[in-house]
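Understanding the architecture of this molecule
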Amino acid sequence: MKIPLNQNQIEDLRKFFQEVDQDHNGKIDKEELKQLLETIWGQNAEVDLTKAVQSTFDKCDLNKDGFITFEEFISLAS
Ligand SMILES: [Ca+2]
Ligand SMILES: [Ca+2]
């Protein structure tokens, strides 16, 4: 069962999404996600970023077009 997000939560997610979406084309590509994970984890040799990016896309990229849109992002978070 999904719990609907309230307006504040959606706004917070939108801000976060816009920070990750560095070229502001409304979707997150693998390179942008990789940079986000690098920011979170730093240069941690024990983390395979490419694999982490791939598994995140497997989960989030619902229509498999190679981009995570805000809608896909929201449906993951909710
Ligand atoms: Ca982008
Ligand atoms: Ca997609």
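One structure accompanies this document, and this report is about it. (Residues numbered from 1 in each chain as written. Chains lettered and ligands numbered in written order. Predicted model: local features only at pLDDT ≥ 70, side-chain atom pairs only at ≥ 80, totals over all residues.)

If you tally the helices and strands in the protein, you get four helices and two strands. When the helices and strands of the protein are listed from N to C terminus, the series reads α-β-α-α-β-α. Reported as C-alpha extents along the three principal axes, the dimensions of the protein are approximately 40 × 25 × 20 Å. Taken over 78 residues, the protein has a buried fraction of 8%. (Helix = DSSP H or I, 4+ residues; strand = E, 2+ residues; numbered from the N terminus. Buried ≥ 20, exposed ≤ 12 C-beta atoms within 10 Å, placed from the backbone.)

Turning to the packing of helix H1 (residues 7-20) against helix H4 (residues 70-77), a few remarks are in order. Orientation of H1 relative to H4, taken along the N-to-C sense of each, is 125 degrees, at an axis distance of 11 Å. When the axis of H1 is compared with that of H4, the two are oblique. In this structure, the crossing between H1 and H4 has a hand that is right-handed. Across from Leu13, Arg14 and Phe17 in H1, the residues of H4 making contact are Phe70, Phe73, Ile74 and Ala77. Of the residues assigned to the contact of H1 with H4, the class counts are six nonpolar, no polar and one charged. (Axes fitted to C-alpha atoms, helices over the stretch in contact; angles between N-to-C directions. Parallel < 35°, antiparallel > 145°, perpendicular 65-115°, else oblique. Left-handed = near helix turned anticlockwise from the far one by under 90°. Contact = placed C-beta atoms within 7 Å. Nonpolar A, V, L, I, M, F, W, Y, C, P; charged D, E, K, R; others polar.)

This part covers the environment of Glu19. Note on placement: Glu19 falls in helix H1. Separated by 34 residues in the primary sequence, Glu19 and Val53 have C-alpha atoms spaced 17 Å apart.

Because each turn of an α-helix spans 3.6 residues, side chains separated by three or four positions in sequence point in the same direction. An ideal rise of 1.5 Å per residue puts 16 Å on 12 residues; helix H2 (residues 30-41) measures up with 16 Å between its terminal C-alpha atoms. Directly beyond the C-terminal end of H2, a positive phi value near 70 degrees is found at Gly42. (Expected span 1.5 Å × (residues − 1).)

The subject of this paragraph is the packing of H2 against helix H3 (residues 49-60). One can describe the packing of H2 onto H3 by two numbers: an axis separation of 10 Å at closest approach and a directional angle of 120 degrees. The pairing of H2 with H3 is recorded here as oblique in orientation. The two elements H2 and H3 meet at a crossing, and its hand is right-handed. Side by side, H2 and H3 meet where Lys30, Leu33, Lys34, Leu37 and Glu38 of the first sit next to Leu49, Ala52, Val53, Thr56 and Phe57 of the second. Of the residues contributing to the contact of H2 with H3, the split by class is six nonpolar, one polar and three charged.

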